[in-house]
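Chains, contacts and geometry: an overview
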Amino acid sequence: MINYKDLGLVNTREMFAKAVDGGYAIPAFNFNNLEQLQAIIQAAAETKSPVILQVSSGARKYANQTLLRYMAEGAVAYAKELGCAAPQIVLHLDHGDTFELCKSCIDMGFSSIMIDGSHHSYDDNVALTKKVVEYAHQFDVTVEGELGVLAGIEDDVVAEHHTYTKPEEVVDFVTKTGCDSLAISIGTSHGANKFTPAQCTRDENGKLVPPPLAFDILEAIEKELPGFPIVLHGASSVPEEEVETINKYGGALKDAIGIPEEQLRRAAKSAVCKINIDSDSRLAMTAAIRKTFAAYPAEFDPRKYLGPARENAKKLYVHKIINVLGSDNKL
Ligand code: G3H
Ligand code: 13P
Ligand code: ZN
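Here the structure is a predicted model, which means the values were calculated and not measured. Every chain begins its residue count from 1, and numbering advances along the sequence as written. Chain letters start at A and ligand numbers start at 1, both assigned in the order the entries are written. Only residues with pLDDT of at least 70 are given local features in this predicted model, and only at 80 or more are side-chain atom pairs given and counted; all residues enter the totals for whole chains, interfaces and linings. Values reported for side chains reflect all heavy atoms of the structure, with hydrogen atoms and water molecules removed beforehand.

1. Quick notes on the overall build of the protein chain
Short version of the rule: We count a stretch as a helix when DSSP gives it H or I for four or more residues in a row; a strand needs E for two or more, and each element gets its number in order from the N terminus. Values of the radius of gyration come from C-alpha atoms, whereas the globule rule sets the reference at 2.2 Å times the count of residues to the power 0.38. The rule is simple: take the accessible area with a 1.4 Å probe, protein chains only, and divide by the maximum for that residue type; under 20% is buried, over 50% is exposed, in between is partly exposed. Contact between two residues is taken to exist if any of their heavy atoms lie within 4.5 Å; hydrogens are not considered.
The helix and strand tally for the protein chain stands at 12 helices and 12 strands. Here the C-alpha radius of gyration of the protein chain, 19 Å, is about what a compact globule of 331 residues would show, namely 20 Å. Sorting the 331 residues of the protein chain into buried and exposed places 57% on the buried side. Restricting to contacts in the protein chain with at least 6 residues of sequence separation, those with at least 24 account for 76%.

Pasting the structure below:
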């Protein structure tokens, strides 16, 4: 049993309380490899932002859970080396789907866990989340639960339609499970194609405009659970310029569309205190790699294309922290 506190990591409790009070959100960036981790830590250290490092099931399969945990431990030392005397770094399991998986992460040093029972019946979701909370809290590990289903792809689960979170269920869910934060469904979704063109309108230039998030549901949830930490998944904004670069240099991304950043800024000022971003980092890295390959077709040193990818991802993280989430200078 390894406790995250011995690794220099923190849980989300205090971080979220401050974010809710201060009207900003903590960035939760997924990572699968060295370059993403370097970019995240450089961005967080430079902007003096707390940060959540997210490990999905896909990341565990790709990179190995043990290795990712050691990388997070190394990230604390790296942030200090970059001049951040007291970094606040959370190592979080993203979309945990079984008690055994959550336990395994807690036992090896994760400081925060998501148990996503949103695809189960309400009662089964409550039972599973409660079981994880009871185990996690023995070690002061914080737990994120989820109510409502996002449309889109979550690991191997594909949901075609949103099921918005029902505000009338949230108090019962939080009380029965004891979870520390709640992921909700108000119209965001995972991936780079969050909406079909048929779900969007077009502006005067023919650009797709997505339907707005259901802020009325968010407000109703806040009324039910004043000050309780709320989480938004599927919050990439799918930057147009990255999509254009990818397509210009041989990519084939069609109708890619995300959540407008003004809407995320508005959410960050409310009880939404954790915003999950993965796809935007993938787009930033892919755009830089495609551009590099086009300019230097004879290049075969991975550092020569992963370096620009890392730089572009870092630029994106800094932008999100300062201009969208508002978590800069909060250490
Ligand atoms: O919620 C999904 C995240 O973007 C992780 O995706 O399972 O492909 O790593 P992944
Ligand atoms: P995006 O696909 O919008 O980046 O969402 C990531 C996420 O919610 C990870 O849990
Ligand atoms: Zn998610």
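Having seen the structure, we can now continue with the description.
2. Things to note about the environment of threonine 98
Here threonine 98 shows up in the loop between β3 (89–96) and α5 (99–107). Distance from threonine 98 to leucine 128, taken between C-alpha atoms, is 7.8 Å for residues 30 residues apart in sequence.

3. Remarks on empty space enclosed by the protein
We apply this condition: Method remark: on a 1 Å grid restricted to protein atoms, a set of points is classed as a cavity if a 1.4 Å probe fits but cannot get out and as a pocket if it is open with protein on both sides within 12 Å along at least five of seven lines; lining residues have an atom within 4 Å of a point. Grid points are joined across faces, edges and corners, and a volume is the space filled by probe spheres set on the points.
Scanning the entire structure with this criterion turns up 2 cavities of 30 Å³ or more. Considering only enclosed or pocket space, the largest cavity measures out at about 50 Å³ in volume. Taken together, Ile41, Ala44, Ala45, Ser49, Val51, Ala79, Cys84, Pro87, Gln88, Ile89 and Leu331 make up the full set of residues lining the largest cavity. The dominant element in the lining of the largest cavity, judged by the number of residues it contributes, is helix α2 (residues 34–47), at 3 residues.

4. Some remarks on the site of ligand 2
Condition: Consider each residue's heavy atoms; a residue with any of them within 4 Å of a molecule or strand counts as near. Identification of polar contacts relies on pairs of N or O atoms within 3.5 Å, with a donor-acceptor requirement for protein atoms, meaning one able to donate a hydrogen and the other able to accept it, and with residues adjacent in sequence counted only if both atoms are side-chain atoms. Throughout, the Shrake-Rupley method with a 1.4 Å probe supplies accessible areas, and for residues the shown protein chains are the sole cover considered. Three residue categories are used. Nonpolar comprises Ala, Val, Leu, Ile, Met, Phe, Trp, Tyr, Cys and Pro, charged comprises Asp, Glu, Lys and Arg, and polar comprises the others, including Gly.
Close to ligand 2 lie 16 residues; Asp94, Lys194, Ser236, Asp278 and Ser279 are nearest. Take histidine 190: an N or O atom from its side chain is 3.0 Å from an oxygen atom of ligand 2. Within the side chain of serine 236, one N or O atom sits 2.6 Å away from an oxygen atom of ligand 2. A total of 310 Å² of accessible area belongs to ligand 2 in isolation, and the protein chains cover 96% of it. Looking at the shell around ligand 2, the elements that each hand over two or more residues are β3 and β12 (272–277). Broken down by class, the residue content of the shell around ligand 2 amounts to 2 nonpolar, 11 polar and 3 charged.

5. A closer look at the sheet that holds strand β2 (residues 51–55)
In plain terms, the rule: Two strands are said to pair when DSSP picks up at least two bridges between them. Note on definitions: angles span 0 to 180 degrees between N-to-C directions of axes, and those axes are lines fitted to C-alpha atoms, for helices only across the stretch in contact.
If you trace the 8 strands once around the closed barrel, you get β1-β2-β3-β4-β5-β8-β11-β12, paired in parallel fashion. Averaged over all neighbouring strand pairs, the angle between strand axes comes to 25 degrees, with direction disregarded. Where strand β5 (residues 142–147) meets strand β8 (residues 181–184), 4 bridges bridge the pair, whose relative direction is parallel. Its bridge partner being in β8, leucine 147 is matched across the sheet by isoleucine 184. Packed onto the sheet, helix α6 (residues 122–137) meets β4 (112–115) and β5 and runs at close to 175 degrees relative to β5. On the sheet, helix α7 (residues 167–177) packs against β5 and β8 and is oriented at approximately 150 degrees with respect to β5.

6. Looking at the coordination of the zinc ion (ligand 3)
Which entries qualify depends on this criterion: Note: metal donors comprise N, O and S atoms at 2.8 Å or less from the metal (3.2 Å for Na, K and Ca); water molecules are not included, so apparent gaps in a site are possible.
Binding of the zinc ion (ligand 3) to the protein goes through His95 (NE2), His190 (NE2) and His233 (ND1), at separations of 2.1 Å. Each donor residue of the zinc ion (ligand 3) lies on the same chain, and together they follow the pattern H-x94-H-x42-H. Linking histidine 95 in strand β3 with histidine 190 in the loop between β8 and β9 (201–202), this pair joins segments that are 95 residues apart in sequence.

7. Some words on the layout of surface pockets
Approximately 720 Å³ is the volume attributed to the largest pocket. What lines the largest pocket is a set of 29 residues, among which Lys207, Ser237, Val238, Pro239 and Glu240 lie closest to the centre. Those elements giving two or more residues to the lining of the largest pocket turn out to be β10 (208–209), α9 (240–248), α10 (261–268) and α12 (302–325). A per-class count over the lining of the largest pocket returns 12 nonpolar, 6 polar and 11 charged.

8. Looking at unusual backbone geometry
The phi angle at asparagine 64 is positive, at roughly 85 degrees, despite the residue not being glycine. When you line up the elements, asparagine 64 lands in the loop between α3 (57–63) and α4 (65–81). Non-glycine residue aspartate 140 carries a positive phi angle of around 60 degrees. As for its placement among the helices and strands, aspartate 140 is situated in the loop between α6 and β5. Overall, the relative accessible area of 26% leaves aspartate 140 in the partly exposed class.

9. Brief notes about the side chain of serine 270
Of note, serine 270 is situated in the loop between α10 and β12. The buried category is assigned to serine 270, whose relative accessible area is 13%. Once residues within four sequence positions are removed from consideration, serine 270 is found in contact with Leu218 and Glu222.

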